[in-house]
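What follows is each chain in one-letter form.
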Amino acid sequence: METEKTAAQKLAERKERLRNLHKLRQEARTHNHQEVIAEDARKKLPNNWEARKRQADWLVSDEKAREEAKAKGLDYDRLKLLEVSAIDAEKIEKKKKKQNPDLGFSTFEAQTARQYNRLVKNMPPRDMSKYEKQKEELGEAFYGGPNTVIHGLVKDTPAAINNMVKDLEQQIDRRKKYSRRRIYNDDADVDFINERNSKFNKKLERFYGEHTAEIKQNLERGTAI
C-alpha cells in the first residue's frame, strides 16, 4: 500500500513539475511577444526620437528645478554655474572667444543655419503649461514618426501668424537695404540699345578695349579707311 502511495506521489510531483514548466513556457512566450511588439514600435520611430525625448525630459526637469530655486529665493543660473568645473568653464570660454557671430555669406547651408539660429533666438520663452497640454492632447503624435500625420492636429494662433508675417516683412526690408544699386553716369557715351547690350559692350571693352581703341576713335571721327 505504501508502495502504491509513493508511486502516486511521484506521479503527482511529475504533473506539478509539468504544470510549472508549461506556465514558465507561456510566460516566456508572452514576454517574447511583448518584446517583438516593442522592437517593432521602436523601428517605426524616427532616428532622432530618443535624442528628442531626452531633450524634452531635460527641459521638463530643468524647468522644475528652476521653479524650485525660484520658490526658495535662489538664483538658478548661478546654481548651475556652481556645478560647472573650472576646466569645463575654461573650455566654454575659449569656444565663445573663437566664435564669430557674423562670418558673412559663405555657403547657402551656412546661411540657412544662421537664419535658423536667429529665428530660434527670437522665439518667446517656453510655456511649459502649454507644452504639457499639447503633449497630453497629441499623445504619441507629439514626438512624431514616419507614419504620423501632424497636419490638422496643431492649429497656429493668430499671434504666431502675425509674428511670422512681421518677420517676413523685416527680411524683405533688409534685402532692400542690402541690394546693390547700379549708378548710371549721365555723361557716359550711349553705345547700347538696352541693358543686355550694355553689359555685353562692357565685357567687350574689358577684354578688347585696349586693342580696339584706335579703331573706335577713327569710326567716331569718320576717318576710318
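Residues numbered from 1 in each chain as written. Predicted model: local features only at pLDDT ≥ 70, side-chain atom pairs only at ≥ 80, totals over all residues. Heavy atoms only, no water.

Before going further, it helps to examine helix H6 (residues 128–138). Among the residues making up H6, those that are buried are Met128, Tyr131 and Leu138. End-on view of H6: buried residues confined to an arc of 100°, all on one side of the axis. Facing away from the buried side of H6, by more than 90 degrees, are the exposed residues Ser129, Lys130, Lys133, Glu136 and Glu137. As for H6, its buried residues are in contact with helix H2 (49–71). Remark: glycine 139 follows H6 within two positions and exhibits a positive phi of approximately 70°. (Buried < 20%, exposed > 50% of the residue type's maximum accessible area, 1.4 Å probe, protein only. Helix = DSSP H or I, 4+ residues; strand = E, 2+ residues; numbered from the N terminus. Arc of directions from axis to C-beta. Contact = heavy atoms within 4.5 Å.)

A cluster of acidic residues, Asp189, Asp191, Glu205 and Glu220, forms a negative patch on the protein surface. Mapped onto the secondary structure, aspartate 189 falls in the loop between helix H7 (158–178) and helix H8 (195–221). (Patch = residues over 30% accessible without salt bridge, like charges linked within 9 Å, V, L, I, M, F, W, Y side chains within 5 Å. Areas by Shrake-Rupley, 256 points an atom, 1.4 Å probe, with all protein chains shown as cover. Salt bridge = Lys/Arg side-chain N within 4 Å of Asp/Glu carboxyl O. Lys, Arg positive; Asp, Glu negative; His and termini not counted. Charge placed at Lys NZ, Arg CZ, Asp CG, Glu CD.)

Take the pattern of salt bridges next. Under the defined criterion, the tally for this structure stands at five salt bridges. Salt-bridge contacts for lysine 53 lead to aspartate 57; the nearest nitrogen and oxygen are separated by 3.4 Å. Here aspartate 57 and lysine 53 lie together in helix H2, a separation of four residues that amounts to about one turn. Judged by its relative accessible area of 30%, lysine 53 is partly exposed. The exposure class assigned to aspartate 57 is partly exposed, which follows from its relative accessible area of 36%. Two residues, lysine 80 and aspartate 62, come together in a salt bridge whose shortest N-O distance is 3.6 Å. Taken together, the residues lysine 80 in helix H3 (residues 76–82) and aspartate 62 in helix H2 connect sequence positions 18 residues apart. Under the relative-accessibility criterion, lysine 80 is labelled partly exposed at 32%.

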